[in-house]
Amino acid sequence: MVMMNRQIVLDVDTGNDDAVAIAMAAGRSGLDVLACTTVRGNLPLEETTDNTLRMLGAIGRPDIPVYAGLGRPFAPRPYPFAPGRSAGLMHESVLPLPPSTRTAESTSAIDWLIATLRATTQPITIVALAPLTNIAAAATAAPEIVDAIDEIVIMGGGHEFGNRTPAAEFNIYADPIAADVVFQAGFQRVTVMPLDATHDVVTDRAMIEQIRALGTDGAAAVAAVLDFYIAGHDASHPMDSPASAPVHDALCVSYLMDPEVVDLRHVAVSVDTTGFQNFGRTTVDVNHRGNAAPNVWWGFSADQARFDRTVLESLRA
Ligand code: RIB
Ligand code: CA
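Residue positions within a chain follow its written sequence, with the count starting from 1. Labels follow written order: the first chain is A, the first ligand is 1, and so on. Local features in a predicted model are, by the rule used here, given only for residues with pLDDT of at least 70; side-chain atom pairs are given and counted only at 80 or more, and totals for whole chains, interfaces and linings are based on all residues. Water and hydrogen atoms play no part in the side-chain values, which are based on all heavy atoms of the structure.

Peer 1: Would you mind going over the layout of surface pockets with me for this structure?
Peer 2: Approximately 650 Å³ is the volume attributed to the largest pocket. Lining residues are those with an atom within 4 Å of a point, where the points come from a 1 Å grid over the protein atoms alone and group into cavities, where a 1.4 Å probe fits but cannot get out, or pockets, open sets with protein on both sides within 12 Å along at least five of seven lines. Along its surface, the largest pocket is lined by 32 residues, and N42, S86, H91, R164 and F170 are the ones closest to its centre. Think of it this way: any DSSP run of H or I at least four residues long counts as a helix, any run of E at least two long counts as a strand, and we number them from the N terminus. Within the residue set of the lining of the largest pocket, elements represented by two or more residues are α1 (16–26), α5 (170–174) and α9 (217–236). Each residue gets one of three labels, nonpolar for Ala, Val, Leu, Ile, Met, Phe, Trp, Tyr, Cys and Pro, charged for Asp, Glu, Lys and Arg, and polar for the others, Gly among them. Here the lining of the largest pocket is composed, by residue class, of twelve nonpolar, twelve polar and eight charged. Grid points are joined across faces, edges and corners, and a volume is the space filled by probe spheres set on the points.

Okay, here's the thing in structure tokens:
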């Protein structure tokens, strides 16, 4: 059962797939986007914040406030965070959208998250589409806030494969200790859309044209960012079907619109925060060989038709 007007916060490192998720959530998703909080990830904090403001302006939602978060990882990294092979290919520094006419709010994302979650009288859902730096910092500074969060939906991790390294997915690799903190913070429900699921729901140029044909501001902005994203993903991480790409972050919003879009199983997941080859790897105990109790609802696969339906539904007039 999908809760209408469910209150959500989007934590983003906008980037193109974050931009699509923002347009979907702020469109006809049935979700109530309280704010976007931004963090360093795909791009430096200043750029992810500016891109978030640009996307919200382009889709006609300048009413949604943007709070800038942390510009470096939650904990020092033992290994350098060198640019990946796709650097500059999948996420432009500046989205191809008009400059924003406003700035981010003066309150930091961490302070706003803590104050809002302490004061809320109804549950809030966190949709974490970036390295988990902001969420780990807020939950460490104010552990009681986890009780105000009914679910945290995370795009991150990979059981079968990584994308930033052979072992690790980008959002987890960028700040593994933050991810470890979040997976162990005691949230009521942690739901993860990993690469195992996002790679099942690729978007191709035919779908971009279906989106463009919707004729809305949101659809036009999404089509604009997807053009660049698919070209860049195709050049650096080619998928089985040519000129297509997984729009990773969008699957989190799709799940909130239609939980049946993904096959979830309750499993124990841990994060490698010390290794070299496996730094940032999410180890998923699918055969219950460890002693840890299941702590995460993990998406093992996703349904293309259901995903496409939610994308088009959320961007309609
Ligand atoms: O691995 C994909 C994730 O890393 C997505 O959230 C993308 O935006 C990047 O942040
Ligand atoms: Ca992202």
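Once the structure has been displayed, the description carries forward.
Peer 1: Which parts of the structure should I look at to understand the pattern of salt bridges?
Peer 2: Proximity of charged atoms lets side chains of opposite charge pair with each other. For salt bridges, the criterion is a side-chain nitrogen of Lys or Arg within 4 Å of an Asp or Glu carboxyl oxygen. Under the defined criterion, the tally for this structure stands at twelve salt bridges. With a closest N to O distance of 3.5 Å, D150 and R6 form a salt bridge. Here D150 is found in strand β5 (residues 149–155), whereas its partner R6 is found in strand β1 (residues 6–12), with 144 residues between them in sequence. To sort residues, take the accessible area from a 1.4 Å probe on protein chains only and compare it with the maximum for the residue type: under 20% means buried, over 50% means exposed, and anything in between is partly exposed. Relative accessible area serves as the criterion here: at 12%, R6 is assigned to the buried category.

Peer 1: It is not clear to me how the coordination of the calcium ion (ligand 2) should be interpreted in this structure. Could you clarify?
Peer 2: Where a metal carries four tetrahedral donors, each ideal angle is 109.5 degrees; where it carries six octahedral donors, the ideal angles are 90 or 180 degrees. Here the calcium ion (ligand 2) is held by D13 (OD), D18 (OD), D18 (OD), L129 (O) and D249 (OD), and the distances to it run 2.2 to 2.7 Å. The donor set covers N, O and S atoms within 2.8 Å of the metal, switching to 3.2 Å for Na, K and Ca, and it leaves out water, so a site may look short of donors. Mapping the donors of the calcium ion (ligand 2) onto the primary sequence gives the spacing D-x4-D-x110-L-x119-D. In this pair, D13 is assigned in the loop between β1 and α1 and L129 in the loop between β4 (124–128) and α4 (133–141), connecting sequence segments 116 residues apart. An identical accessibility class is assigned to D13 and L129; each is buried.

Peer 1: Explain the site of ligand 1 here, please?
Peer 2: Residues are classed as near a molecule or strand on a simple rule: at least one heavy atom within 4 Å of it. In the neighbourhood of ligand 1, the contacting residues comprise D13, D17, D18, N42, L129, M155, N163, E169, F170, N171, H248 and D249. Here an oxygen atom of ligand 1 and a side-chain polar atom of D13 are 2.9 Å apart. In the environment of ligand 1, an oxygen atom lies 2.8 Å from a nitrogen or oxygen atom belonging to the side chain of N171. Among the cavities detected, the one that contains ligand 1 is the largest pocket. Considered class by class, the residues forming the shell around ligand 1 number three nonpolar, four polar and five charged. In the analysis that follows, any N or O atom pair within 3.5 Å is treated as a polar contact, provided that within protein one partner can donate a hydrogen and the other can accept it, and provided that, for residues neighboring in sequence, both atoms belong to side chains. Just a note on the criterion: a molecule sits in a pocket or cavity if more than half of its atoms are within 2 Å of the grid points.

Peer 1: Hey, could you run me through the pairing of strand β6 (residues 190–193) in this one?
Peer 2: Along a regular strand, successive side chains alternate from one face of the sheet to the other. Burial along β6 is two-sided: V190 and V192 facing one way and T191 and M193 facing the other are all buried. One requirement defines pairing of two strands: DSSP has to find at least two bridges between them. Note that β5 and β6 share four bridges and pair parallel. Counted as the bridge partner of V153 is T191 from β6. Note that β6 and strand β12 (residues 296–302) share two bridges and pair parallel. From the neighbouring strand, T191 faces β12, where its bridge partner is W297.

Peer 1: Can you help me understand the packing of aromatic side chains in this one?
Peer 2: Each Phe, Tyr or Trp ring (for Trp, its six-membered ring) is paired with any other whose centre lies within 6.5 Å, and the angle between the two planes then decides the class: stacked below 30 degrees, edge-to-face above 60, tilted in between. Evaluated as defined, the whole model comprises four aromatic pairs. Relative to F276, the ring of Y79 lies with its centre 5.1 Å away and its plane at 70°, an arrangement referred to as edge-to-face. With Y79 in the loop between β3 (66–68) and α3 (109–119) and F276 in the loop between β10 (269–271) and β11 (282–284), this pair connects stretches of sequence that are 197 residues apart. According to the relative accessible area criterion, Y79 is partly exposed, its value standing at 21%. The interplanar angle of 85° and the centroid separation of 5.0 Å between the aromatic rings of Y79 and F279 together place this pair among those described as edge-to-face. Taken together, the residues Y79 in the loop between β3 and α3 and F279 in the loop between β10 and β11 connect sequence positions 200 residues apart. Members of the aromatic cluster, each reached through a chain of ring pairs, are Y79, Y173, F276 and F279.

Peer 1: Honestly, α1 in this entry has me stumped. Any pointers?
Peer 2: In an α-helix, one turn spans 3.6 residues; hence positions three or four apart end up facing the same way. In terms of burial, α1 is largely enclosed, as eleven of its eleven residues are buried. Packed against the buried residues of α1 are β1, β2 (31–38), α2 (45–58), α9, α10 (250–257) and α11 (304–315). Note on contacts: a residue pair qualifies if any of its non-hydrogen atoms lie within 4.5 Å across the two residues.

Peer 1: How do you make sense of the side chain of E151 when you look at a structure like this?
Peer 2: Of note, E151 is situated in strand β5. Owing to a relative accessible area of 4%, E151 belongs among the buried residues under this scheme. Here T191 takes part through its side chain, which lies 2.4 Å from a polar atom of the side chain of E151. Contacts of E151, omitting those with residues within four sequence positions, involve R6, I124, T125, I126, R189, T191, Y255 and L256.

Peer 1: Just to check I follow, could you spell out the packing of α1 against α9 for this structure?
Peer 2: Think of two packed helices as two axes; the pair is described by the angle between the axes and how far apart they sit. To obtain each axis, a line is fitted to C-alpha atoms, and for helices this fit is confined to the stretch in contact; angles are then taken between N-to-C directions over 0 to 180 degrees. Interaxial distance between α1 and α9 falls to 9 Å at its minimum, and their mutual angle equals 160°. Relative to α9, the element α1 lies roughly antiparallel. Where α1 crosses over α9, the handedness of that crossing is left-handed. The segment α1 lies against α9, with N16, D17, A19, V20 and A23 engaging V222, V225, L226, F228 and Y229. Class assignment for the residues of the contact of α1 with α9 results in eight nonpolar, one polar and one charged. Relative orientations are named as follows: roughly parallel for angles under 35 degrees, roughly antiparallel for angles over 145 degrees, roughly perpendicular for angles from 65 to 115 degrees, and oblique for any other angle. With the far helix as reference, a near helix turned anticlockwise by less than a right angle produces a left-handed crossing, and one turned clockwise produces a right-handed crossing.

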